[in-house]
Amino acid sequence: MRLEKCWFCSSTIYPGHGIQFVRNDAKIFRFCRSKCHKNFKMKRNPRKVKWTKAYRLLHGKDMTKDSTFELERKRNRPERYDRNVTEKTLQAIKKIDKIRVAREARHHAMRFKGKKAMEHRAAITELEKSIDLVKAPAPLLQAPQEDTAKLKVKVSQPEAEFMEE
């Protein structure tokens, strides 16, 4: 089973899926879905379209250089089947996959680390600009004055007796 890569977005194309375009010079372009094919026909550059793998790699959104990618590399040389080598390769694939996941998590943590500091700085500047919405005005912060003292009113006796009945 041969898995191909989409020419436009670099996603995996499984057998029986996708579209194939052959140019006049016999260059073959494979596309995973009509979205990629239409973008190719519109002569869009995959490095400028935000959802493609090329854009993500170019702008530092995904890891670009890592030794774990060496296992995915396409090899055209056929290998003689050996049960022991195959078994060790399958075990190595599992280990390499764990390593790749850990490295990607570390990469994403490093990417988001700078964003938290930027958001914090933006929040501080926003607070400085509109502090009047948060802070109470000066007259309300002062101690209450004596002019507005409360008056005590005595309740007459007959009303109190009326309440008890």
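The rules behind these values
Residues numbered from 1 in each chain as written. Predicted model: local features only at pLDDT ≥ 70, side-chain atom pairs only at ≥ 80, totals over all residues. Heavy atoms only, no water. UniProt positions renumbered as here; feature names shortened; annotations may be inferred. Helix = DSSP H or I, 4+ residues; strand = E, 2+ residues; numbered from the N terminus. Buried < 20%, exposed > 50% of the residue type's maximum accessible area, 1.4 Å probe, protein only. Contact = heavy atoms within 4.5 Å. Areas by Shrake-Rupley, 256 points an atom, 1.4 Å probe, with all protein chains shown as cover. Pairing = 2+ DSSP bridges. Core = buried A, V, L, I, M, F, W, Y, C linked by side-chain atoms within 4.5 Å. Phe/Tyr/Trp six-rings, centres within 6.5 Å; stacked < 30°, edge-to-face > 60°. Salt bridge = Lys/Arg side-chain N within 4 Å of Asp/Glu carboxyl O.

- Labelled according to an unreviewed UniProt entry, the chain appears under the name TRASH domain-containing protein, originating from Zingiber officinale.
- In its Subcellular location (unreviewed entry) section, the UniProt record describing the chain reads: "Nucleus".
- As stated in UniProt under Sequence similarities (unreviewed entry), the record for the chain gives "Belongs to the eukaryotic ribosomal protein eL24 family."

Focus: the overall build of the chain
Link 1 in the chain: Counting its secondary structure elements, the chain contains six helices and four strands.
Link 2 in the chain: Helices and strands appear in the chain in the N-to-C order β-β-β-β-α-α-α-α-α-α.
Link 3 in the chain: Within the chain, the fraction of its 165 residues that count as buried is 13%.
Link 4 in the chain: Of the contacts made within the chain by residues no fewer than 6 positions apart, 42% connect residues no fewer than 24 positions apart.
Link 5 in the chain: Carbon and sulfur atoms make up 56% of the accessible area of the chain, which amounts to about 15,300 Å² in all.

Re the UniProt feature "domain: TRASH" (unreviewed entry) in the chain
Link 1 in the chain: UniProt tags residues 6-44 as "domain: TRASH" (unreviewed entry).
Link 2 in the chain: Helix and strand shares over residues 6-44 are 21% and 26% respectively, and the end C-alpha atoms of the span are 15 Å apart.

Some points on the pairing of strand S3 (residues 19-22)
Link 1 in the chain: Bridge analysis of S3 against strand S4 (residues 28-31) gives four bridges, and the strand direction is antiparallel. Counted as the bridge partner of Gln20 is Arg30 from S4.
Link 2 in the chain: Where S3 folds back on S4, the antiparallel hairpin that results is connected by five residues, among which Ala26 adopts a positive phi of roughly 70 degrees.

Points about the nonpolar core
Link 1 in the chain: Of all hydrophobic cores here, the largest spans ten residues; its members are Cys6, Phe8, Cys9, Ile13, Phe29, Phe31, Cys32, Cys36, Phe40 and Val49.
Link 2 in the chain: For Phe31, the contacting residues outside a window of four places in its chain are Cys6, Trp7, Phe8, Ile13, Gly18, Ile19, Phe21, Cys36, His37 and Phe40.

Regarding the packing of aromatic side chains
Link 1 in the chain: Under the criterion given, the structure shown has seven aromatic pairs.
Link 2 in the chain: Judged by centre distance (5.3 Å) and plane angle (90 degrees), the ring pair of Trp7 and Phe29 falls under edge-to-face. Residue Trp7 is located in the loop between strand S1 (4-5) and strand S2 (12-13), and its partner Phe29 is located in strand S4; the two are separated by 22 residues in the primary sequence.
Link 3 in the chain: Given the relative accessible area of 36%, Trp7 is considered partly exposed.
Link 4 in the chain: According to the relative accessible area criterion, Phe29 is buried, its value standing at 3%.

Examining the pattern of salt bridges
Pairing between side chains of opposite charge can happen when their charged atoms approach one another.
Link 1 in the chain: Taken as a whole, this structure holds four salt bridges when the rule is applied.
Link 2 in the chain: For Glu4, the salt bridge identified is with Arg2, shortest N-O distance 3.5 Å.
Link 3 in the chain: The partner of Asp25 in a salt bridge is Arg23, and the shortest N-O contact between them spans 3.1 Å.
Link 4 in the chain: Using a relative accessible area of 52% as the deciding quantity, one classes Asp25 as exposed.
Link 5 in the chain: What makes Arg23 partly exposed here is its relative accessible area of 38%.
Link 6 in the chain: Salt bridges sharing common partners tie together Arg2, Glu4 and Arg30.

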